Structures are given as C-alpha cells and as structure tokens.
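Close look at the chain arrangement
Chain by chain, the residues run as shown.
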Amino acid sequence: MKSDFVEVCVLGKTVGLKGAMKLHNRSDFPEQFKKDAKFYDKKGKEFIIKSFDKTNSLVVFQNYEDIELAKSLVNTVLYRTIEDTKHFCKLKQDEFFYFDIIGCFVYEDDTLLGEILDIIEVGSGFLFSIQTAANLVSKGLSTQFYIPYLDNFIIDVNIDLKKIQVKNSIQILYNS
C-alpha cells in the first residue's frame, strides 16, 4: 500500500442483484462518498463510485454492477490519497486530520516530551499516544504515555512545524 493513502471504509455484504454493497465508513467525512469519487485498494487498484445511497450506506462501483462482481469486493478496505482527502474533506476551525497529527512532537514549555504515535478514540474523546523522548526514558520514565485531547492539556497545534504545545502533561508522564 502506498504511504500517501488514508483508510476510509470497508465494503460489506452485497445487497440486491445490481452490485450494491454495504459501505462501512471509517472516516469522519461521509460527504466524500458520492458519484465519481475515486478510492483505492491496498494494491492501488482504483474504484470509482457509480452511485451512493447515503440513507442506507449502499455503494455501487463502476464495472461492478453485478452481484457476482460485487461479491469479489466484500471485506475490501478502501483508501483515499492524502491529497484527495485534503481537497474533498473540509475541516472546521481547530480541526485536524489524523495523518497531520501523527508524527508531531509534543512540548511542555521548552521540554520535548515525545512524538505522537497514534490517536485513540475513547468514549466521546481522544487520547494522543506519545512515544516518550529518549532523554526522558533514560531518566527512568515510561517509554509511552497518553495525553487527552482536551483544552486542559492542549495549548496549540502547529501542523506546519509538526509541534504541539501542551500543559499539565509532564505530570501524566511522571505518573505513567
């Protein structure tokens, strides 16, 4: 799979005889699923939406308008390029794509705490999974810890600099 791909959905069971399939959205942007939108499998094969019923999350792809052809796609994970994702999925103020956050460095004041490895959804919120900076690990601190994505911890997110400024987070690391 290309590194510039972002997972967006999984194709489920077929519905009816004309190639419709249940689409299980794994993104925060259901509006991206529309006629003529392009997606890719892990090998880079292109799939173009012929029709999409957003009420029932049913999709039909060009060249798969038959139940037998569509069955070959069941359980296929589909991806979108980062470029297409940024173009077609509009963010609101202070919203960010996961792929822009992962890899950012986390600082409290001038101290590098570590690098964001992953974002974990917990209930109605999110946790940044942080790989602790080597100099702090060498002092006996945990190799990994979590920071809630809440105003009480996050001061500023600068995607261009790959830097996230935090507060009240070094104590989380000390207690991990």
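Remember, it's a predicted structure, so these values are computed and weren't measured experimentally. (Residues numbered from 1 in each chain as written. Predicted model: local features only at pLDDT ≥ 70, side-chain atom pairs only at ≥ 80, totals over all residues. Heavy atoms only, no water.)

Looking only at helices and strands, the protein chain has 5 helices and 12 strands in total. Against the globule reference of 16 Å for 176 residues, the protein chain gives a C-alpha radius of gyration of 20 Å, more extended than a compact globule. Along the three orthogonal principal directions, the C-alpha set of the protein chain runs to about 60 × 30 × 30 Å. Counting the 176 residues in the protein chain, one finds 39% classified as buried. Expressed as a percentage of contacts within the protein chain between residues at least 6 apart in sequence, the contacts between residues at least 24 apart total 47%. With the model as given, the accessible surface of the protein chain reaches about 10600 Å², and the carbon-plus-sulfur share is 50%. For the protein chain, the distance from the average site of its 22 positive side-chain charges to the average site of its 25 negative ones is 8 Å. (Helix = DSSP H or I, 4+ residues; strand = E, 2+ residues; numbered from the N terminus. Rg over C-alpha atoms; globule rule 2.2 N^0.38 Å. Buried < 20%, exposed > 50% of the residue type's maximum accessible area, 1.4 Å probe, protein only. Contact = heavy atoms within 4.5 Å. Areas by Shrake-Rupley, 256 points an atom, 1.4 Å probe, with all protein chains shown as cover. Lys, Arg positive; Asp, Glu negative; His and termini not counted. Charge placed at Lys NZ, Arg CZ, Asp CG, Glu CD.)

Among the 11 residues in strand β1 (residues 5-15), 8 count as buried, and that is most of the element. Here β1 runs beside strand β6 (residues 77-81); their pairing, made up of 5 bridges, is antiparallel. By the bridge assignment for β6, phenylalanine 5 is matched with threonine 81. Note that β1 and strand β2 (residues 20-25) share 5 bridges and pair antiparallel. Looking across to β2, one finds that valine 15 is bridged to alanine 20. (Pairing = 2+ DSSP bridges.)

Let us now look at the layout of surface pockets. When its volume is computed, the largest pocket comes out at roughly 630 Å³. Taken together, 23 residues line the largest pocket, and the ones lying closest to its centre are Asp28, Phe29, Phe96, Phe97 and Tyr98. Those elements that place two or more of their residues in the lining of the largest pocket are β1, α3 (98-101), β8 (111-122) and β9 (125-132). When the residues that make up the lining of the largest pocket are grouped by side-chain class, the tally is 14 nonpolar, 3 polar and 6 charged. Each of domain 1 (5-88) and domain 2 (98-175) contributes no fewer than three residues to the lining of the largest pocket. (1 Å grid on protein atoms, 1.4 Å probe; cavity = no way out; pocket = protein on both sides within 12 Å on 5 of 7 lines; lining within 4 Å. Points joined across faces, edges and corners; volume = space filled by probe spheres on them. Nonpolar A, V, L, I, M, F, W, Y, C, P; charged D, E, K, R; others polar. Domains from an automatic or database assignment.)

Turning our eyes to something else, we now look at the UniProt feature "domain: Ribosome maturation factor RimM PRC barrel" (unreviewed entry) in the protein chain. Residues annotated in UniProt with the feature "domain: Ribosome maturation factor RimM PRC barrel" (unreviewed entry) correspond here to residues 99-167. With 10% helix and 55% strand, the stretch residues 99-167 has end C-alpha atoms that lie 23 Å from each other. (UniProt positions renumbered as here; feature names shortened; annotations may be inferred.)

Turning to the environment of aspartate 160, a few remarks are in order. Among the secondary structure elements, aspartate 160 is positioned in the loop between β11 (154-158) and β12 (163-166). Aspartate 160 sits 28 residues away from threonine 132 along the chain, and the two C-alpha atoms are 21 Å apart.

This paragraph deals with the packing of aromatic side chains. By the definition in use, this model includes 10 aromatic pairs. Relative to tyrosine 79, the ring of phenylalanine 5 lies with its centre 6.2 Å away and its plane at 20°, an arrangement referred to as stacked. Taken together, the residues phenylalanine 5 in strand β1 and tyrosine 79 in strand β6 connect sequence positions 74 residues apart. Here phenylalanine 5 falls in the buried class, since its relative accessible area comes to 10%. Relative accessible area serves as the criterion here: at 10%, tyrosine 79 is assigned to the buried category. Ring geometry for tyrosine 98 versus phenylalanine 126: centroids 6.3 Å apart, planes at 85°, classification edge-to-face. Highlighted residues: tyrosine 98 in helix α3 and phenylalanine 126 in strand β9, separated in sequence by 28 residues. Classification of tyrosine 98 by relative accessible area gives partly exposed; the value is 35%. (Phe/Tyr/Trp six-rings, centres within 6.5 Å; stacked < 30°, edge-to-face > 60°.)

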